[in-house]
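Architecture at a glance
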Number of protein chains: 4
Amino acid sequence: MDRLRVAVVGAGYWGPNLVRNFSASAACDLRWVCDLDEQRARRAVGAYSTVGVTTDVDKVLGDDEVDAVAIATPAGTHKALAIAALEAGKHVLVEKPLASSVAEGEAIVALAEERGLTVMCDHTYCYTPAVQRIRDLVATGTLGDLQYFDSVRINLGLVQKDIDVFWDLAPHDLSILDFILPPTLAPLAVAAHGADPIGAGHPCVGYLTLPLPGGAIAHVHVNWLSPTKIRTMVVAGSRRTLVWDDLNPSQRLSIFDRGVDLHVPQDTEAKREILVSYRSGEMVAPALHETEALQNSVSEFAAAVREHRPPLTDGHAGLRVLRMLEAAGRSLAEGGRLIPL
Amino acid sequence: MDRLRVAVVGAGYWGPNLVRNFSASAACDLRWVCDLDEQRARRAVGAYSTVGVTTDVDKVLGDDEVDAVAIATPAGTHKALAIAALEAGKHVLVEKPLASSVAEGEAIVALAEERGLTVMCDHTYCYTPAVQRIRDLVATGTLGDLQYFDSVRINLGLVQKDIDVFWDLAPHDLSILDFILPPTLAPLAVAAHGADPIGAGHPCVGYLTLPLPGGAIAHVHVNWLSPTKIRTMVVAGSRRTLVWDDLNPSQRLSIFDRGVDLHVPQDTEAKREILVSYRSGEMVAPALHETEALQNSVSEFAAAVREHRPPLTDGHAGLRVLRMLEAAGRSLAEGGRLIPL
Amino acid sequence: MDRLRVAVVGAGYWGPNLVRNFSASAACDLRWVCDLDEQRARRAVGAYSTVGVTTDVDKVLGDDEVDAVAIATPAGTHKALAIAALEAGKHVLVEKPLASSVAEGEAIVALAEERGLTVMCDHTYCYTPAVQRIRDLVATGTLGDLQYFDSVRINLGLVQKDIDVFWDLAPHDLSILDFILPPTLAPLAVAAHGADPIGAGHPCVGYLTLPLPGGAIAHVHVNWLSPTKIRTMVVAGSRRTLVWDDLNPSQRLSIFDRGVDLHVPQDTEAKREILVSYRSGEMVAPALHETEALQNSVSEFAAAVREHRPPLTDGHAGLRVLRMLEAAGRSLAEGGRLIPL
Amino acid sequence: MDRLRVAVVGAGYWGPNLVRNFSASAACDLRWVCDLDEQRARRAVGAYSTVGVTTDVDKVLGDDEVDAVAIATPAGTHKALAIAALEAGKHVLVEKPLASSVAEGEAIVALAEERGLTVMCDHTYCYTPAVQRIRDLVATGTLGDLQYFDSVRINLGLVQKDIDVFWDLAPHDLSILDFILPPTLAPLAVAAHGADPIGAGHPCVGYLTLPLPGGAIAHVHVNWLSPTKIRTMVVAGSRRTLVWDDLNPSQRLSIFDRGVDLHVPQDTEAKREILVSYRSGEMVAPALHETEALQNSVSEFAAAVREHRPPLTDGHAGLRVLRMLEAAGRSLAEGGRLIPL
C-alpha cells in the first residue's frame, strides 16, 4: 500500500516529536512542517532535511500530495485548523485536548463523519505498552471489580497563560481512564477543587474526583508547582491492584495480589459480624517491551486511514474527555459541587 | 522532682507502645496497665514485669498513687473514661482522636479546665523530629508563603467496623496540619469525598480538600485498600518546598529550592504579559536525630503536668481536629459540599 | 516440656536484643543478665523487671537453674567464656563470629562434642524469612546453576578498635553464603583487598572475592565509611536471579526471570558462532511474613537443645566462617593473593 | 569561524548517536556517514537527509572537504582507521577504548603528534554535567582527602564475542577515575577478578581493585549478567562523600556531609586511645543542568581542533585507560595478582 503523506502543523513543544516519529515511520511520508515561525519549523526537521518547511498553512492544505494533517498547535486553534483541513479533504490527527470546548469538538467530529474522513485525537499515553496492558488486565477481569483509580501527575511544569492546570495536564489522566474503563463503568460525575497560590489567574494545583458506577471512585491530582515529578497511577480491583509508575523504566507496572475481602454472613442475626480478611500475596512486575508511544500512535493513525476504520482514540474519545473537562470547570465555578456527566 | 505516676488504660493496638515508652521514661513511673482482657494487659508488660495488671479501671482510678491516666481505648469510650479520670483527680493523656464528637471533646476539655488538670491529646506525629522541623521551617518563613499541603496516608490497613477511614487515619494529617500552620492560616472549610467499594458500610478510601486563607489549599488522601504503603506529605511554599517521606529513614525530609515565580508588570498595558520564572535550585536533606516520637510525647505530658502549663497538643488542638472531622462527615453526607469551619 | 533456662552474658550492643527475645520466647525462661557494668545489665532488662542482674559470671555459671548461656561479649572473650560455660555443663549460644581464630573455635566445638552439649553460633541473618527463602530457591533449583553472588554491606559504621571491617561485618555475608550454598558449592579460595584511608590501623573498607566451583564467583563489599546504608545481596542463577534488599521492608526479595543463555553449536565449524539469547521476563516479589530473625534464632536454639540435635547454624558453620575470615586476613597480608580454602 | 566538516565512520551501536549530535551541532558540518552496511548508514541519517552515505572509507578520506573523522567501529579496527585518517590529514575522534592495546594506542598518538593533528578519545561520561561537577568537587578540596571510589556498572548487557566485560564496560569507570583524580593520585596498581559462569570464553562478571596513593582505594564492578541496571559511583572523602546515581535524573548527585574522623592523641601513652568521631550532617543534591554529554563532547572536539589545543580527553587520557585495562588482563591471567601501573 502507499504510504500516508503527512504534514505537521505546529512545531512548538509537541510538534518536533510528531516530526521525528512520522520521519521514522515506514507507513508515512512526511511532506511538510508548518509553523508561524519558519526557524522553528526548520529546527524541527533539522539542518540536513529534505522535508518542506513553510509558514503558510494554505500551501499545505492546497497540496494534493498531502493526505493527512497532524495538528500540534494551541488548543484554541484546533477547531479552525481541523475544520479547514477536513474541508480540504485531509484526515486529521489532533493533539490533546481535541478542542477548547465540547461544542468545538463536536463540530470537528460532525464534519469528519460527513466527509468520511478520519479524526484521531492523539491521546498518546493510550499507546504506551503500560496502558495497553492495564486495559487488558481490566478487560480480562484480572483485577476483579474496580475499586478505585488514583492518578498523580505533578511536577514543576510550565505555567500556561491561557489554560489552567486541569486543561493542561488532566487530559492525560482522563483519556487513560476513558481508555481502560469499559463503557459500563464510565464516570458518573465530576467534582473539582483547585488553587492558584501564585496568582496566575487560574488553578495551578488541582484535584478531580469522579464517582464511578458500583461504588468505585477515580481521583486525579494535577499540579504545576511540585518540585518533584510524579507520574503514578493506581488501578485497584477486588482481586488485584496495579501501580503504574511511568518514571521507573525498570519496573513501570507492579501488580499486587493484595487486598481486603469482606464476607457478610447470610444469617441476619450475625449481620453485624462482618468478616474481613486480608490477602497479602506476591507482587508481579510483568516484562513490557519499550516502544515509544508516539510511534504506536502514528502507526495507528496510518492504519486507521488505510483500513477506513475509527482509530483506537477517535474523535468520540476526544469528546468524552472534553465533557469531563467542561464539567470540571463548572464544578470549580460552583465551589466543588459534583456535576453529573 | 517526683516522677509522674501513670496508669495505661487499654492494651490493644496502641497501648503496648505507651507501656513501653512510659517504662523507658525517667520522668514517669508506670503503675498499672488496665484492659478488659487481662492476658492482653499482661502481654503488654511482659512476663518478667513488676507493673500491676488489672481489668478493673476503678481500682486504677481509686489508687492515690496514680497521678495520671493514659487512655488508649476505642474513641467511643474516650469521653466516659476521661471524665471519670478527671473526676478522680487524674491528669489525662488521650489517644487520638480526642473523642468521637466535638460535643464529647468539649465536655472533656471543660471539666479539665474546671478542675485545673492537664488534658493532652496524643497527636504522636507532632512529636517526631520531622514535624517539629517542618513547623520551624514554616514559622521562620524559610518556606515563604504557603502554597499547598498534600498528604498521602495509604496502605492495606485494618478496616474498622465502627469508624470510617477519615476518623481512623485523617486525625494524623489534620493534627499535623493544625500543628504546623500558624492560627492565621487555619483551614477555612472542608470538602470530603469517599468510596466504599468493598461494602464495609462507610468510606474505605477518602479525599479531603481544605481551602486555606490566601489562596493556598490542603489535601489529604487516606486509604485502607492500597497494596502499597505511602506516608508522604508535601508542604509547598513560595520560597521552598519540602517533602516528608516518613518511610524513608535515611532521608525523611527533602527541602527543594525550586519553584515558580510570577511577576505581574505594574504597567496596565503590559498586564497580560505575566512573566513566569522558574527556580531549579538544589535540594537539601537535613540531618534529623532519630528519636521515637512517643518518647517525646510522654516526656511532654510529664513536663506539662509538672510545669502546670498546656502541653503542645492540648485539648484545644484535639478539638480543632474533631471540628474538621465532623465537618468532613457533613460534607460527605452532602455530596462533597464545602463545609465552612 | 520445660522451658530452657537461660542467662545472657554481655549487655552491650547485641545483648539487649537477646534479652528482649529470650523474654518474649515461650520456650525460654530468662534467669540472668550478666555484664561487667551492672547499670548496663540493668538497662537491658528495664526498670520493672524481675530478671536477675549481676556482674559475676561465676554466679551465673554456678547456678543449677541455668541450662544455657548466651554469649554476647567481644569476640576475643568468646573462647574463655564458652569453655567455662561448657565445663559448667551449660549449652551455649555464641554471638558471631564464633571466636577470634579457627583454633579457638575448634576448641569450643571439640569440648561441646565431648560433653554432648549444644553449641550454636548466632548467625542471625540465617533466621530471616528472606534468607530462608533464598536457601529454598537455591536448593530446589529454582535459580538454576549459580552464576554469581554479590553482597554489599556498607554504612557509616562504628569503627572498631580491635577488629577490622572484615571481622566486624563480613561474618554476616559469609554465614549467609555458607547457609544458602550446598556443600558441593563451598568457596574454593578467598582474595581480600582493603583500605584504611583514615588511619584506623586496619582496613575500614574491604572487598572479598571467592571463586566457587563451576565458574561462579562470590564477592563481598564491607565498608564502615559509607554515608549511605546499603544491605543488598544478589544471587544470580542460570534460570533466575534474585535481589535481596534488606532495607526495603515492602519488597525485600525480587526474583527476576531475566538472564543470558549461551548456545554453543555442536558443529565444530560453527563453534565460533556462539549464539547468545536474552530472557527478559517478569519479576516476582514473593510475600514474606515479617518475623524478627532473632526470635527464630532463640527458638531454634531452644529446640536444638530440647531435641538433642545440631542447630541449623551449629559450631561447624561457625568454624567454616572463621576459616574464610582467617584466609582473608592472610590474603590481605600477601597483597590480595588468592588463598585456597 | 568555519564549521568543522566531519565524517562518521561506523553506524552500529554508537555511530547513530554521533550522527545525531554532529547534525545538531552549530560548530560542525556533517558530510558523510560510512559503514560496511549501506542500509545501516542510511538508517543512521534518516530517510529525509542530505548527508552523504557510503561504504567506501577511502572516498571519505579522499574528500578534501572533510576536516575530521569520528571513528565508531569495533576497537580492533581503531588503529588502522585512525592511522589512515591521520595520514590523510584528518583530525580524529575515536570511540572508547582508544585501541585494542597500549602499543596500538601509542602508534595513533605518536602519528597525530608528528602531524600536528588532534586526537580525542570519546570518553563520553567525562562530558556529563555530573562528572564535571565531581571533578570540580575533588579539585577544590570540597570532598577533602579522597578515601575510596566505588563504581558499579551492571545490567543485562550485550555479551560481546571479541572482548570481555572489562574491555566493554570498565573504560567508562576508568576514564572517569582518570578524569576526576589529580595526577598525583593516579592509581598505583590493578588487581582483577572475573568469572565466566555462562561459558562465553571470557569474563562476564568482573571486579577491579586499584590502590591509590595515600591509602585510598578504587573499586569497579562490571557485569553483563545482572537483571537490574545500576550505574552508581561513590567518591568518598575525608570532608564529604558524594554518590552519583546516573539513572536517577531527578537527583543524580548527592553530597553527604557525613563521615568518620579519627583523632590520634599526641601523647605516646595515650596512643592506643584513638578517638573516633562521627559527622552526620545534611545531604545536598545540587541542581545540574541536563545536557547530553555527547553534545558537549562533539563541541569540545570542534573547539580543540579550532584552537589547536589538546581536548580534555586527549590521546594520552586514552592511553592511560588502555594501560589500566592491559594490567587488569595480566592480573586476571595471574590469579588476581596486583599489577603495578
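Quantities reported herein were computed from a predicted structural model and do not represent experimental measurements. (Residues numbered from 1 in each chain as written. Chains lettered and ligands numbered in written order. Predicted model: local features only at pLDDT ≥ 70, side-chain atom pairs only at ≥ 80, totals over all residues.)

**As for the interface of chain D and chain C**
You'll often see interface size given as the accessible area lost when the parts meet. The following threshold applies: Note on contacts: each residue gets a C-beta atom placed from the backbone, and two residues are in contact if those atoms are within 7 Å. Only DSSP runs of H or I covering at least 4 residues are called helices, and only runs of E covering at least 2 are called strands; the numbering of each starts at the N terminus. Nonpolar residues are Ala, Val, Leu, Ile, Met, Phe, Trp, Tyr, Cys and Pro. Charged residues are Asp, Glu, Lys and Arg, and all others, Gly as well, are polar.
Counting residues at the interface gives 42 residues for chain D, matched by 42 residues for chain C. Elements that contribute at least two residues to the side of chain D that touches chain C include exactly strand 7 (146-156), strand 8 (189-195), strand 9 (205-211), strand 10 (217-223), strand 11 (225-237), strand 12 (241-245), strand 13 (253-263) and strand 14 (275-285) of chain D. Sorting elements by how many residues they give to the side of chain D that touches chain C places strand 11 of chain D first, with six residues. Of the residues in the side of chain D that touches chain C, the class split is 26 nonpolar, 12 polar and four charged.

**Topic: the interface of chain A and chain B**
Across the boundary between the two partners, chain A contributes 42 residues, which contact 42 residues of chain B. The set of elements that each furnish at least two residues to the side of chain A that touches chain B consists of strand 7 (146-156), strand 8 (189-195), strand 9 (205-211), strand 10 (217-223), strand 11 (225-237), strand 12 (241-245), strand 13 (253-263) and strand 14 (275-285) of chain A. The element contributing the most residues to the side of chain A that touches chain B is strand 11 of chain A, with six residues. Each residue belonging to the side of chain A that touches chain B can be placed in one class, and the counts come to 26 nonpolar, 12 polar and four charged.

**Re the sheet that holds strand 4 (residues 68-71) of chain D**
Residues and elements named next belong to chain D. Using the following cut-off: For two strands to count as paired, DSSP must find a minimum of two bridges between them. For helices, the fitted line uses only the C-alpha atoms of the stretch in contact; every axis is such a line through C-alpha atoms, and the angle between N-to-C directions lies from 0 to 180 degrees.
As summarised here, the arrangement of the six strands in space is 3-2-1-4-5-6, forming an open sheet in which the pairing is parallel. Of all strands in the sheet, those with a lone pairing partner are strand 3 (52-54) and strand 6 (119-122), marking the two edges. Between one strand and the next, the sheet's axes are offset by a mean angle of 20 degrees, whatever the strand orientation. Pairing of strand 5 (residues 91-95) with strand 6 involves four bridges; the strand directions are parallel. Across the sheet, the residue bridging to leucine 93 is methionine 120, located in strand 6.

**Let's talk about the relation of the copies chain D and chain C**
The relation between the two chain copies is a rotation about an axis coupled with a shift along that axis. This is how it is decided: Copy-to-copy superposition: least squares on the C-alpha atoms, limited to residues that have pLDDT of at least 70 in both copies.
For the pair chain D and chain C, the best superposition has an RMSD of 0.0 Å and corresponds to a rotation of 180 degrees with a translation of 0.0 Å parallel to the axis. Taken together, the rotation and translation describe the operation of a two-fold axis. Minimal C-alpha distance to the rotation axis in chain D is attained by arginine 337 of chain D, lying at 3.0 Å. When you check the interface residues of chain D against chain C, 100% turn up at the interface there too, and the contact is symmetric in its surfaces.

**Section: helix 2 (residues 38-45) of chain C**
Residues and elements named next belong to chain C. How we decide: Exposure in this text rests on C-beta crowding, where 20 or more other C-beta atoms within 10 Å of a residue's own make it buried, 12 or fewer make it exposed, and counts in between make it partly exposed. The C-beta atoms are placed from the backbone. What the arc describes is the spread of directions from the helix axis to the C-beta atoms.
Taken together, the buried positions of helix 2 are Ala41, Ala44 and Val45. For helix 2, the angular spread of buried residues about the axis comes to 90 degrees, placing them on one side. Close packing links the buried residues of helix 2 with helix 1 (15-24), strand 2 (28-34) and strand 3 (52-54). Following helix 2 by one or two positions, glycine 46 adopts a phi angle in the positive range, close to 95 degrees.

**Description of the domain arrangement of chain A**
Residue and element names in this part refer to chain A. Rule in force here: Domains are outlined according to an automatic or database domain assignment.
Partitioning chain A into structural domains gives domain 1 (4-124 + 293-315) and domain 2 (126-291 + 323-340). Computed over C-alpha atoms, the centres of domain 1 and domain 2 are 29 Å apart. Listed by partner, the interface residues are 16 residues for domain 1 and 13 residues for domain 2. For the side of domain 1 that touches domain 2, the leading source of residues is helix 8 (residues 293-306), giving five residues.

**With respect to the sheet that holds strand 6 (residues 119-122) of chain A**
Residues and elements named next belong to chain A. Read across the sheet, six strands follow the order 3-2-1-4-5-6 without closing on themselves; strand pairing throughout is parallel. Each of the sheet's edge strands pairs with one partner strand only, and the pair in question is strand 3 (52-54) and strand 6. Strand-to-strand twist in this sheet, taken as the mean axis angle between neighbours without regard to direction, amounts to 20 degrees. As paired elements, strand 4 (residues 68-71) and strand 5 (residues 91-95) share four bridges and run parallel to each other. From the neighbouring strand, alanine 70 faces strand 5, where its bridge partner is leucine 93.

**With respect to the pairing of strand 6 of chain A**
We count it as follows: By convention a crossover is right-handed if, when the strands point away from the viewer, the path from the first strand over the helix to the second runs clockwise.
Here strand 6 of chain A shows two buried faces, one formed by Val119 and Cys121 of chain A and the other by Met120 and Asp122 of chain A. Traced from strand 5 of chain A through helix 5 (residues 102-115) of chain A to strand 6 of chain A, the parallel crossover comes out right-handed.

**Looking at the relation of the copies chain A and chain B**
Mapping chain A onto chain B leaves a residual RMSD of 0.0 Å; the transformation is a rotation of 180 degrees accompanied by 0.0 Å of translation along its axis. When the interface residues of chain A are mapped onto chain B, 100% of them again lie at the interface, so the same face is used by both copies.

**With respect to the nonpolar core**
Our working definition: Throughout this description, the term nonpolar core refers to a group of buried Ala, Val, Leu, Ile, Met, Phe, Trp, Tyr and Cys residues whose C-beta atoms join them within 7 Å.
Judged by nonpolar contacts, the single largest core of 470 residues is most densely connected at Val9 of chain A, Val9 of chain B, Val9 of chain C together with Val9 of chain D. Aside from chain neighbours lying at most four places away, what touches valine 9 of chain B is Cys34, Val57, Val60, Val69, Ala70, Ile71, Ala72, Thr73 and Leu81 of chain B.

**Focus: the environment of glutamate 65 of chain A**
Residues and elements named next belong to chain A. As for its placement among the helices and strands, glutamate 65 is situated in the loop between helix 3 (57-61) and strand 4. By the C-beta count within 10 Å, which is 9 here, glutamate 65 ends up exposed. Glutamate 65 sits 188 residues away from leucine 253 along the chain, and the two C-alpha atoms are 42 Å apart. Each residue touching glutamate 65, except ones within four places of it in the same chain, is listed here: Arg5 and Arg31.

**Some thoughts on the packing of helix 1 (residues 15-24) of chain B against helix 8 (residues 293-306) of chain B**
Residue and element names in this part refer to chain B. Let me state the cut-off plainly: The sense of a crossing depends on the near helix, which, turned anticlockwise from the far helix by less than a right angle, makes the crossing left-handed and, turned clockwise, makes it right-handed.
Where helix 1 contacts helix 8, the two axes come as close as 9 Å, and the packing angle between them is 65 degrees. Where helix 1 crosses over helix 8, the two elements pack in a sense that is right-handed. Counting all contacts with helix 1, which are made through Asn17, Asn21, Phe22 and Ala24, the residues of helix 8 involved are Leu294, Gln295 and Val298. Considering only residue class, the contact of helix 1 with helix 8 consists of four nonpolar, three polar and no charged.

**Some details on the packing of helix 7 (residues 165-180) of chain C against helix 9 (residues 315-333) of chain C**
Residues and elements named next belong to chain C. Operational definition: The cut-offs work like this: below 35 degrees is roughly parallel, past 145 is roughly antiparallel, 65 to 115 is roughly perpendicular, and the gaps in between are oblique.
In the contact formed by helix 7 and helix 9, the axes pass within 9 Å of each other and the chain directions differ by 130 degrees. Considering the angle they form, helix 7 stands oblique to helix 9. As helix 7 runs across helix 9, the sense of the crossing is right-handed. When helix 7 is examined against helix 9, the residues Phe166, Trp167, Ala170, Pro171, Leu174, Ser175 and Asp178 are found in contact with a partner set consisting of Ala317, Arg320, Val321, Met324, Leu325 and Ala328.

**Points about the environment of isoleucine 154 of chain A**
Residue and element names in this part refer to chain A. Relative to the helices and strands, isoleucine 154 resides in strand 7. For the pair isoleucine 154 and glycine 259, spaced 105 residues apart in the sequence, the C-alpha separation amounts to 27 Å. Not counting residues within four places of it along the chain, the set of residues in contact with isoleucine 154 comprises His221, Val222, Asn223, Ser226 and Ile230.

**Considering the confidence of the model for chain A**
The predicted coordinates of low-pLDDT regions are not to be read in fine detail. Counted only if it meets this: You can read pLDDT as the predictor saying how much it trusts each residue, on a scale of 0 to 100.
In this model, chain A carries a mean pLDDT of 95, and residues with pLDDT of at least 70 account for 96%. The ipTM value of the predicted complex is 0.94, and its pTM value is 0.95.

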